[in-house]
Amino acid sequence: MSTVDSQDDEDTFKILLATDIHLGYLEKDPVRGNDTFVTFNEILDHAQKNEVDFVLLGGDLFHENKPSRKTIHSCLESLRKYCMGDRPVQFEILSDQAVNFHYSKFPWVNYQDVNLNISIPIFSIHGNHDDPTGADALCALDILSCAGLLNHFGRSASVEKIDISPILLRKGRTKIALYGLGAIPDERLYRMFVNKQVTMLRPKEDEDSWFNLFVIHQNRSKHGATNYIPEQFLDDFINLVVWGHEHECKIAPSQNEQQCFYVSQPGSSVVTSLSPGEAVKKHIGLLHVRGKKMKIQKIALETVRTFHMEDVVLADHPDLFNPDNPKVTQAIQAFCMEKVELMLDNAERERLGNPRQPEKPLIRLRVDYTGGFEPFSVHRFSQKYMDRVANPKDIIHFFRHREQKEKNDSDFNFGKLVSRPASEGMTLRVEDLVKQYFQTAEKMLLNKMFSPIIKKVQLSLLTERGMGEAVQEFVDKEEKDAIEELVKFQLEKTQRFLKERRTDAEEEKIDEEVRKFRESRKKNTEEEDEEVREAMTRARAHRSEDAVLVAASSDEEFMDTGVKGTGDSDDGLPATLSRGRARGRARGARGQNSTARGSSRRGRGSTSQESATSSRTYKPVSMPAKNTSIMDAFRSLKPESSLNSSKSYSEDIIGDDSDLEDISIVPSSKVNQRWSTSSSLSKRGSQSQTSRGVDFESDEDEFDPFKSTATSRRTK
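Not measured: the values here are computed from a predicted model. (Residues numbered from 1 in each chain as written. Predicted model: local features only at pLDDT ≥ 70, side-chain atom pairs only at ≥ 80, totals over all residues. Heavy atoms only, no water.)

## Focus on the overall build of the chain
Next up, step 1: Across its full length, the chain holds 20 helices and 18 strands.
Next up, step 2: Burial statistics for the chain: of 716 residues in total, 47% are counted as buried.
Next up, step 3: When contacts within the chain are restricted to residue pairs at least 6 apart in sequence, long-range pairs at least 24 apart make up 75% of them.
Next up, step 4: About 37,900 Å² of surface is accessible on the chain, with carbon and sulfur atoms providing 49% of the total. (Helix = DSSP H or I, 4+ residues; strand = E, 2+ residues; numbered from the N terminus. Buried < 20%, exposed > 50% of the residue type's maximum accessible area, 1.4 Å probe, protein only. Contact = heavy atoms within 4.5 Å. Areas by Shrake-Rupley, 256 points an atom, 1.4 Å probe, with all protein chains shown as cover.)

## Focus: unusual backbone geometry
Next up, step 1: Non-glycine residue D20 carries a positive phi angle of around 50 degrees.
Next up, step 2: Looking at the element boundaries, D20 is found in the loop between β1 (13-18) and α1 (35-49).
Next up, step 3: The exposure class assigned to D20 is buried, which follows from its relative accessible area of 0%.

## Some thoughts on the packing of aromatic side chains
Next up, step 1: In this structure the tally under the stated criterion is 16 aromatic pairs.
Next up, step 2: One aromatic cluster in this structure is built from F13, F54, F91, Y111, F123 and F153.
Next up, step 3: Over the ring of Y103 we find R155; its NZ or CZ atom is 4.2 Å from the centre of that ring. (Phe/Tyr/Trp six-rings, centres within 6.5 Å; stacked < 30°, edge-to-face > 60°. Lys NZ or Arg CZ within 6 Å of the ring centre and 35° of its normal.)

## With respect to the packing of α1 against helix α2 (residues 69-83)
Next up, step 1: Running from amino to carboxyl end, α1 crosses α2 at an angle of 15 degrees, the nearest separation of the two axes being 10 Å. Regarding the angle of α1 to α2, the classification is roughly parallel. The crossing of α1 and α2 is right-handed. In this structure, α1 contributes F37, F40, N41, L44, D45 and Q48 to the contact, and α2 contributes K70, T71, S74, C75, S78, L79, K81, Y82 and C83.
Next up, step 2: Across the contact of α1 with α2, the residue classes break down as seven nonpolar, five polar and three charged. (Axes fitted to C-alpha atoms, helices over the stretch in contact; angles between N-to-C directions. Parallel < 35°, antiparallel > 145°, perpendicular 65-115°, else oblique. Left-handed = near helix turned anticlockwise from the far one by under 90°. Nonpolar A, V, L, I, M, F, W, Y, C, P; charged D, E, K, R; others polar.)

## With respect to the sheet that holds strand β18 (residues 396-399)
Next up, step 1: The strand order β16-β17-β18 describes an open sheet built from three strands, whose pairing is parallel. Of all strands in the sheet, those with a lone pairing partner are β16 (307-313) and β18, marking the two edges. In this sheet, adjacent strand axes meet at a mean angle of 15 degrees when their direction is disregarded.
Next up, step 2: Judged from the four bridges that link them, strand β17 (residues 362-368) and β18 form a sheet pairing that is parallel. Bridge pairing links D368 to F399 in β18. (Pairing = 2+ DSSP bridges.)

## A few points about the sheet that holds strand β7 (residues 167-171)
Backbone hydrogen bonds hold the strands of a sheet together, and the pairing may be parallel or antiparallel.
Next up, step 1: Within the open sheet, the seven strands sit side by side as β3-β7-β8-β10-β11-β13-β12. Their pairing is mixed. Each of the sheet's edge strands pairs with one partner strand only, and the pair in question is β3 (92-93) and β12 (250-255).
Next up, step 2: Of the pairings in the sheet, the one linking β3 to β7 comprises two bridges and is antiparallel in character. By the bridge assignment for β7, E92 is matched with R170.

## Observations regarding helix α5 (residues 186-194)
Along an α-helix, residues three or four apart share an orientation, since each turn contains 3.6 residues.
Next up, step 1: Of all nine residues in α5, seven are buried, a share of seventy percent or more.
Next up, step 2: For α5, the complete set of buried residues consists of D186, R188, L189, Y190, R191, M192 and F193.
Next up, step 3: Phi for K196, located one or two positions after α5, is positive at around 60 degrees.

## So, the pairing of strand β13 (residues 262-265)
Next up, step 1: Residue alternation in β13 divides its side chains into two sets, Y262 and S264 and V263 and Q265, and both sets are buried.
Next up, step 2: In terms of strand pairing, strand β11 (residues 240-244) meets β13 through three bridges, oriented parallel. In the strand pairing of β13, V241 is matched with V263.
Next up, step 3: Bridge count for β12 against β13 is three bridges, and the pairing is antiparallel. What sits directly across from K250, in β13, is Q265.
Next up, step 4: Adjacent in sequence and paired antiparallel, β12 and β13 are bridged by six residues, among which C260 carries a positive phi angle near 65 degrees.

## Quick notes on the pattern of salt bridges
In a structure, side chains of opposite charge can pair up when their charged atoms sit close to one another.
Next up, step 1: Counted under the stated rule, the structure contains 17 salt bridges.
Next up, step 2: The partner of R173 in a salt bridge is D11, and the shortest N-O contact between them spans 3.0 Å. With a gap of 162 residues between them, R173 in the loop between β7 and β8 (174-181) and D11 in the segment before β1 connect regions that are remote in the sequence.
Next up, step 3: The class for D11 is buried, based on a relative accessible area of 8%.
Next up, step 4: Residues E207 and R202 are paired through a salt bridge, measuring 4.0 Å at the closest nitrogen-oxygen approach.
Next up, step 5: The exposure class assigned to E207 is partly exposed, which follows from its relative accessible area of 34%.
Next up, step 6: Members of the salt-bridge network, linked through shared partners, are R202, E207 and D208. (Salt bridge = Lys/Arg side-chain N within 4 Å of Asp/Glu carboxyl O.)

## Some points on the environment of L213
Next up, step 1: Residue position: L213 is located in strand β10 (residues 211-217).
Next up, step 2: A residue is classified by how much of its surface remains accessible, and L213, at 0% relative accessible area, is buried.
Next up, step 3: With 49 residues separating them in the primary sequence, L213 and Y262 have C-alpha atoms 9.9 Å apart.
Next up, step 4: Beyond its immediate chain neighbours, meaning those up to four positions away, L213 contacts I15, L56, I176, A177, L178, Y179, L240, V242 and L287.

## Considering the side chain of H217
Next up, step 1: Relative to the helices and strands, H217 resides in strand β10.
Next up, step 2: On the basis of relative accessible area, H217 is assigned to the buried category, the value being 1%.
Next up, step 3: Within the local environment of H217, its side chain forms a polar contact with the side chain of D60, the two groups lying 3.1 Å apart.
Next up, step 4: Contacts of H217, omitting those with residues within four sequence positions, involve D20, G58, G59, D60, I125, H126, G127, N128, L181, A183, G244 and H245. (Polar contact = N/O pair within 3.5 Å; in protein donor to acceptor, adjacent residues only side chain to side chain.)

## Digging into the nonpolar core
Next up, step 1: Judged by nonpolar contacts, the single largest core of 32 residues is most densely connected at L16, L61, F62 and L79.
Next up, step 2: Among the secondary structure elements, those contributing two or more residues to this core are β1, α1, β2 (54-57), α2, α4 (140-146) and β14 (283-290).
Next up, step 3: Dropping the residues within four chain positions of it, F62 is found in contact with H22, L23, P67, T71, I72, C75, H129, D130, A140, L141 and L144.
Next up, step 4: F13, I176, F211 and V215 belong to the second-largest nonpolar core, a separate cluster that totals 30 residues. (Core = buried A, V, L, I, M, F, W, Y, C linked by side-chain atoms within 4.5 Å.)

## A few points about the environment of L150
Next up, step 1: Within the secondary structure layout, L150 lies in the loop between α4 and β5 (151-152).
Next up, step 2: For L150, a relative accessible area of 1% corresponds to the buried category.
Next up, step 3: Not counting residues up to four positions away in its chain, the partners in contact with L150 are L61, N110, I122, S124, L141, L144 and S145.

## Some remarks on a negative patch on the surface
Next up, step 1: There is a patch of like negative charges on the surface, built from E506, E507, E508 and D511.
Next up, step 2: Note on placement: D511 falls in helix α12 (residues 507-523). (Patch = residues over 30% accessible without salt bridge, like charges linked within 9 Å, V, L, I, M, F, W, Y side chains within 5 Å. Lys, Arg positive; Asp, Glu negative; His and termini not counted. Charge placed at Lys NZ, Arg CZ, Asp CG, Glu CD.)

## With respect to the confidence of the model for the chain
Next up, step 1: With 64% of its residues at a pLDDT of 70 or more, the chain has an overall mean of 76.
Next up, step 2: Of the regions scoring below 50 in pLDDT, residues 414-427 engages in 22 contacts with residues more than four places distant in sequence or in other chains.
Next up, step 3: Confidence drops under a pLDDT of 50 for residues 561-628, and excluding neighbours within four residues, the segment shows 81 contacts in the predicted structure. (pLDDT = per-residue confidence, 0-100.)

## A look at the pairing of β10
Next up, step 1: For β10, the buried fraction is high: seven of the seven residues fall into the buried class.
Next up, step 2: Burial along β10 is two-sided: F211, L213, V215 and H217 and N212, F214 and I216, pointing in opposite directions, are all buried.
Next up, step 3: Across six bridges, the pairing between β8 and β10 is parallel. From the neighbouring strand, L181 faces β10, where its bridge partner is I216.
Next up, step 4: Strand direction decides the pairing type here: β10 and β11, joined by five bridges, are parallel. Bridging from a neighbouring strand, F214 pairs with V241 of β11.

This is the structure:
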């Protein structure tokens, strides 16, 4: 590897490398809550003491996609403390910053802003934990970028083609082309690399004189056939790759023999899973670049909580443990206590040489009890170490290897997929679980929901990939309408397809056409990704519209309350309350009963008041439409019966005189038709009485569910 002396001069870049800081991880834990913030301050303190030119972060600065106020506040506090100052920045940017930061409202690097005083710029890509989401595709890094404390780059919204344009930096005679690519679902990016849809642009002038530095946040180790990014996919003109997302610290550069570039994997700065990779000591890197030569200096992090881990296989100690011994469980517990005490002693000796290290260590003892042994109570065991260990509830982990035997689809047990924690082995993704579940399950309740026609297949309209993406959005990004919108979108598209094919309304023919349509969509992965993205866009837009409607209704209700409070006469009361009830009906009919009682008690009303009320019209709040199946779509082509009691009730209410325009009542499909018909008759009777301004109480003993709502609205 070409190296460079650490001597500081005007031609040497000094760059601090760090990835996966995960601010806010376990922030509510009384012992480990501040670990990420303390370590982040240490990282920035190293940057300040070493007078680096800039800090390069490889994604996952935040642990949550929507960080808490405490996390945002602590991050801003640290950035302001360490990154702002009078020390001048020694390098310049030669590339078009409007291209590098085109997503920002301030498309230039923060240290060139005349209103800011930045001494240590930070360049960061987003990770899979803090990636852009929502209708506006914003992430937590965009907040920091808008505040001028961080430079967010490497964003790509297109799923068809990615062009990575570098940030061109120059310090003296050293020039760096900084490439960045934020987190993208691994399977999608894998497919795009295979299809030659990822392009890394190079400078036109003296392209061989640039030191090409690439930062990426993807799976490096193979978790599946396409659930990772092979190093061979990257271009061979790159000099150094800073790989984020992998938490095991491998910061020493390793050369890829085929592509001839070096890869540095800084790893995470906090232990987020009790796995062997996290037990490696945490480091950050100080990269020196001069010309085409480089050198990485390892800097050990002193504030990281120490983590000790050990495995025990009970079957390897036949002299100590006999499964037939009735007291073997007590012997196993005593043996585990000795192991834990030994790890605590090692942690204490390690902490003596580092006073900045947290007092309580992380301890993990994995016990393989295969061979007829029984585990003891983990909770009772953990009580003995409550004051000595930072993770008392997770000290012991019992597991056993399953016997390998032939399996068939009928014997498949979905519960076995989640019997082993993700931290203990290969991580299971939501998409993989959905795909494996639908490939092996015989009968699913969701099958009836998605398609009541096709009974023998697992998914009739959706594909495993689309369903997995929707579930992933629902779980990770809190897109509550993701699954519903995807089902609606695919249902509408399938209906259009069947209508275009003029398929006969027979279940066998529809079955075959739907199956062919689904198979054709599974083969066209690009079209499927487009469909999923369209459905997610509709879900986000739907959420935004809901937020606007809630805000508007709150403002309107506040205005109604203000009007009612200012007037003390009965003349203005009916119009005001009518308006408030029209909004309140759609949001839970709040306050209707009290209004109805007040109107009946007064027994007043006039024709002039009713005409004034009816002249003020309001747009009814639309209720969500009922999802139709494929067979419903064909039935809709036939003449509909006019004897539908629920529909006739709706027509009677909406198609009445103008006095009903301010009432937005749409009968729910869930109400029994018997009550719907009786309420319709009761409604007509009440209308004939209230039109004369007189309220007659009904002496009927029959229960009327709309009596306190629709009937009382006619009283003034």
